[in-house]
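Here is what each chain is made of, one letter per residue.
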Amino acid sequence: MGQGLSASETQDPGPLPTDPKSLAALRAVRTILAELGLPAELIFEIMDLAEYYPSVIGTSYHPGDVDLILTASGGCPEHRNCAASRCVLTPPLPPGDPGETWRVKRVTWNITSHDQGWGGEHPGTFRGAFSWYEASIVRPTAPVGSLEDAFIGRLCEPGDVQGPLEEAGYTLVVRPGSDSFAWTVQRNRVAKGAFTKYQVEWAATETLDAGDARLNGYGTGDGFIEALRPGDMVALWMRALYPGWANHLREASVEVVLDVY
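Values in this document were obtained by computation on a predicted structure and should not be read as measured data.

Novice: Hey, could you run me through the overall build of the chain in this one?
Specialist: Broken down by element type, the chain carries 5 helices and 11 strands. If you line up the chain on its principal axes, its C-alpha atoms span 65 × 40 × 40 Å. Within the span of the chain, comprising 261 residues, buried residues form 45% of the whole. Looking at the chain alone, contacts between residues at least 24 apart form 78% of all its contacts between residues at least 6 apart. Put simply, the chain shows about 12800 Å² of open surface, and 52% of that area lies on carbon and sulfur atoms. Side chains of the chain carry 20 positive and 33 negative charges; the gap between the two charge centres is 7 Å.

Novice: Explanation requested: the packing of aromatic side chains in the structure shown.
Specialist: For any pair of aromatic rings, the description consists of the separation of the ring centres together with the inter-plane angle of the planes. According to the stated counting rule, one finds 9 aromatic pairs in the structure shown. Aromatic pair Phe-130 and Tyr-242: ring centres 4.8 Å apart, planes at 80°, arrangement edge-to-face. Pair noted here: Phe-130 is in the loop between strand S5 (102–114) and strand S6 (131–140) and Tyr-242 is in the loop between strand S10 (233–241) and strand S11 (246–260), with a separation of 112 residues, a long-range link. When the ring of Trp-183 is compared with that of Phe-224, the centres are 4.9 Å apart and the planes differ by 85°; the resulting orientation is edge-to-face.

Novice: Got a minute to help me understand the pattern of salt bridges in this structure?
Specialist: Where charged atoms from two side chains of opposite charge come close, those side chains can pair. Taken as a whole and assessed by the stated rule, the structure comprises 9 salt bridges. Here Arg-250 and Asp-67 are joined by a salt bridge, their closest N and O atoms 2.8 Å apart. Remark: Asp-67 occurs in the loop between strand S1 (55–59) and strand S2 (68–71) and Arg-250 occurs in strand S11; sequence separation between them is 183 residues. In this structure, Glu-148 engages Arg-86 in a salt bridge whose closest nitrogen and oxygen atoms are separated by 3.2 Å. Of this pair, Glu-148 sits in the loop between S6 and helix H3 (162–168) while Arg-86 sits in strand S4 (residues 80–89), and the two are 62 residues apart along the sequence.

Novice: What's the story with the nonpolar core in this structure? I'm lost.
Specialist: Grouped burial of nonpolar side chains is what soluble globular proteins tend to show. Membership of the largest hydrophobic core comes to 42 residues, with the highest contact counts inside it found for Trp-109 and Phe-224. Top contributing element to this core by residue count: S11, with 6 residues. Excluding its chain neighbours within four sequence positions, the residues that come into contact with Phe-224 are Val-107, Trp-109, Ala-135, Ser-136, Ile-137, Trp-183, Trp-202 and Val-234. Judged by nonpolar contacts, the second largest core, of 16 residues, contains Val-138, Val-161, Ala-168 and Met-233.

Novice: Could you clarify how one ought to interpret helix H1 (residues 23–35) in this entry?
Specialist: Taking 1.5 Å per residue as the helical rise, H1 with its 13 residues ought to reach 18 Å, and the 19 Å between its terminal C-alpha atoms agrees with that figure. Leu-23, Ala-25, Leu-26, Arg-27, Ala-28, Arg-30, Thr-31 and Leu-33 are the residues of H1 that are buried. Buried residues belonging to H1 abut helix H2 (40–49) and S11.

Novice: How should the environment of Asn-110 be read in this particular structure?
Specialist: In this fold, Asn-110 is placed in strand S5. According to the relative accessible area criterion, Asn-110 is partly exposed, its value standing at 30%. Distance from Asn-110 to Ala-252, taken between C-alpha atoms, is 5.5 Å for residues 142 residues apart in sequence. Residue contacts for Asn-110: discarding those within four places in its chain leaves Tyr-198, Gln-199, Glu-251, Ala-252 and Ser-253. Among the polar contacts listed, one links the side chain of Asn-110 to the side chain of Gln-199, at a separation of 2.9 Å.

Novice: Hey, could you run me through the side chain of His-114 in this one?
Specialist: The residue His-114 is located in strand S5 in this model. A residue is classified by how much of its surface remains accessible, and His-114, at 9% relative accessible area, is buried. Reaching out from His-114, the side chain makes a polar contact with the backbone oxygen of Gly-193 at a distance of 3.2 Å. In this structure His-114 touches Ser-131, Asn-188, Lys-192, Gly-193, Ala-194, Phe-195, Ala-246, Asn-247 and His-248, once residues within four positions along its chain are discounted.

Novice: Would you take a moment to explain unusual backbone geometry for this structure?
Specialist: Phi is mostly negative for residues that are not glycine, and the peptide bonds are mostly trans. Its identity is not glycine, yet Glu-51 carries a phi of approximately 55°, on the positive side. Within the element layout of this structure, Glu-51 appears in the loop between H2 and S1. Of note, the phi angle at Ala-191 is positive, near 60°, even though the residue is not glycine. Along the chain, the position of Ala-191 falls in the loop between strand S8 (183–187) and strand S9 (196–203).

Rules behind the numbers
Residues numbered from 1 in each chain as written. Predicted model: local features only at pLDDT ≥ 70, side-chain atom pairs only at ≥ 80, totals over all residues. Heavy atoms only, no water. Helix = DSSP H or I, 4+ residues; strand = E, 2+ residues; numbered from the N terminus. Buried < 20%, exposed > 50% of the residue type's maximum accessible area, 1.4 Å probe, protein only. Contact = heavy atoms within 4.5 Å. Areas by Shrake-Rupley, 256 points an atom, 1.4 Å probe, with all protein chains shown as cover. Lys, Arg positive; Asp, Glu negative; His and termini not counted. Charge placed at Lys NZ, Arg CZ, Asp CG, Glu CD. Phe/Tyr/Trp six-rings, centres within 6.5 Å; stacked < 30°, edge-to-face > 60°. Salt bridge = Lys/Arg side-chain N within 4 Å of Asp/Glu carboxyl O. Core = buried A, V, L, I, M, F, W, Y, C linked by side-chain atoms within 4.5 Å. Expected span 1.5 Å × (residues − 1). Polar contact = N/O pair within 3.5 Å; in protein donor to acceptor, adjacent residues only side chain to side chain.

What follows is the structure, encoded as structure tokens:
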């Protein structure tokens, strides 16, 4: 495979990291295998076969385990009634060591939610579903202020936080080929009032079928993985648009799996 261990992986690993999914834990395991006399090529093959990759995880926060509810509200000049609320923000993606190759392998979203449970022109489908989830990439530029303060207040869409983020030394990454700061992740099934579990996976080596995505209400994530860099944070947004529409969230998480070698 022609891969070599970084300088940190040829030294005594010291105490093992407590988080088995951290990049530090990955390097520690590689160091242990190297101390057994295994060549670098075999070490990387073992790690790949074991599907042992570092990851960064973000989860929704529910004070008192109360479901989050977002309703479309007035006051937006372009859309009349709309709303956006950030429900997940991951920690920053860790950088690689000097000489390492760094890339994102896959991003997995898990969402348990439903819409308002009535209305819509196509009940039971994802057509015309105006209760949904979007993803954004938050990138540090020159952090000087509170990141959390940028997400406070009434928001119509993710792009509304761009100004406050820039003041704090961050920015939202533009989706390639558009002027939008968001990628569609999953829509709620129309007029279904019971909570439903959705899982969406975007992989670096896989192109999702656009027709199946439309039928099942998920986004293909085109360009998302390729846009991610070390230090970025991944945000998940609850969205609702037009009068009467709502978004009910029980839990949500995102896992960003890295391939660093």
